[in-house]
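One-letter residues, chain by chain:
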Amino acid sequence: MHDIVSKSILSPQNGMNLYRGCQHGCIYCDSRSRCYQFTHPFEDIEVKENALELLEAALRRKRKCCMIGTGAMTDPYIPLEKKLGYTRKALLLIEKYGFGVALQTKSDLVLRDLDILRQINEKTKAVVQMTLTTADEELCKIIEPGVCTTSRRYEVLKELQQARIPTVVWMTPILPY
């Protein structure tokens, strides 16, 4: 990993990436594309060291509450998140300022933040989107080596639903077909 100082944290559509790059190693990932202008190996995570300060300033300036989205380019729950906790801290800011959140992930680490997701969902809306790519657990371990298996993701979705957190299932790609 390496740290950078970023100029902004929210896109015009309120998308947020606290990290650039990914440790999951999914073989089908389109975020590796050269069009995204990575100047480093994709697995060498770029950490936006000032992301939380930028996020708080951006949320304070917003006139209307909206949904903050994360996970489209980099999963917010990469293994490095266990150590740094940026996603958890960002969720605390999102809750503090009364915004909603839509998380896209393949990681069961999202359950660590269930308490905050519940608080956000009581005020506005918290949605967790999870990708399911195959029912073949062995294939899953090959094509997505850095994340939990499909069956574990299914269990995570059930836990989120039991906690009344809205969920979405992404089924792209569906393999082996």
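Computed from a predicted structure; not experimentally measured. (Residues numbered from 1 in each chain as written. Predicted model: local features only at pLDDT ≥ 70, side-chain atom pairs only at ≥ 80, totals over all residues. Heavy atoms only, no water.)

J.: So, the packing of aromatic side chains: which residues are in play, and what are the values?
T.: Counted under the stated rule, the structure contains one aromatic pair. Between the aromatic rings of Tyr19 and Tyr86, the centroid separation amounts to 5.8 Å while the plane-to-plane angle is 25°, which identifies the pairing as stacked. Linking Tyr19 in strand β3 (residues 19-20) with Tyr86 in helix α3 (residues 86-96), this pair joins segments that are 67 residues apart in sequence. Classification of Tyr19 as buried rests on a relative accessible area of 1%. (Phe/Tyr/Trp six-rings, centres within 6.5 Å; stacked < 30°, edge-to-face > 60°. Helix = DSSP H or I, 4+ residues; strand = E, 2+ residues; numbered from the N terminus. Buried < 20%, exposed > 50% of the residue type's maximum accessible area, 1.4 Å probe, protein only.)

J.: Lay out the nonpolar core with the relevant residues and their values.
T.: One finds Met16, Leu55, Leu91, Ile94, Val110 and Leu117 to be the most contacted residues of the largest nonpolar core, which totals 43 residues. Setting aside residues no more than four positions away along its own chain, Val110 makes contact with Tyr77, Leu103, Thr105, Leu117, Val128, Met130, Val156 and Leu160. (Core = buried A, V, L, I, M, F, W, Y, C linked by side-chain atoms within 4.5 Å. Contact = heavy atoms within 4.5 Å.)

J.: Give a description of the pattern of salt bridges that names residues and reports values.
T.: For the structure on display, the rule yields twelve salt bridges. Glu81 is paired through a salt bridge with Arg112; the nearest N and O atoms lie 2.7 Å apart. With Glu81 in helix α2 (residues 80-84) and Arg112 in the loop between β6 (100-105) and α4 (114-123), this residue pair connects regions lying 31 residues apart in the sequence. Residue class for Glu81 comes out buried when judged on its relative accessible area of 0%. (Salt bridge = Lys/Arg side-chain N within 4 Å of Asp/Glu carboxyl O.)

J.: Describe the sheet that holds strand β4 (residues 46-48), with residues and values.
T.: The three strands lie next to each other as β1-β4-β3, forming an open sheet whose pairing is mixed. At either end of the open sheet lies a strand with only one pairing partner, and these are β1 (2-4) and β3. Bridge count for β1 against β4 is three bridges, and the pairing is parallel. Across the sheet, His2 pairs through a bridge with Glu46, a residue of β4. (Pairing = 2+ DSSP bridges.)

J.: Can you tell me about α3, naming the residues and giving the values?
T.: Within α3, burial applies to Tyr86, Thr87, Ala90, Leu91, Leu93, Ile94 and Glu95. Looking one or two residues beyond α3, the residue adopting positive phi is Gly98, at roughly 80°.

J.: So what's going on with the sheet that holds strand β8 (residues 167-170)? Residues and values would help.
T.: Reading across the sheet, the five strands line up as β2-β5-β6-β7-β8 and stay open at both edges, with parallel pairing between neighbours. At either margin of the open sheet sits one strand with a lone partner, and together these are β2 (15-16) and β8. Sheet topology places β6 next to strand β7 (residues 126-131); five bridges connect them, and they run parallel. Pairing of Ala102 across the sheet is with Val127, part of β7.

J.: Outline unusual backbone geometry, supporting the account with residue identities and numerical values.
T.: Within the chain, Asn14 stands out as a residue other than glycine whose phi angle is a positive 70°. In this structure, Asn14 sits in the loop between β1 and β2. For Arg164, which is not glycine, the phi dihedral falls at a positive 65°. Residue position: Arg164 is located in the loop between α6 (150-162) and β8.

On their own, these measurements won't tell you what the molecule is for.
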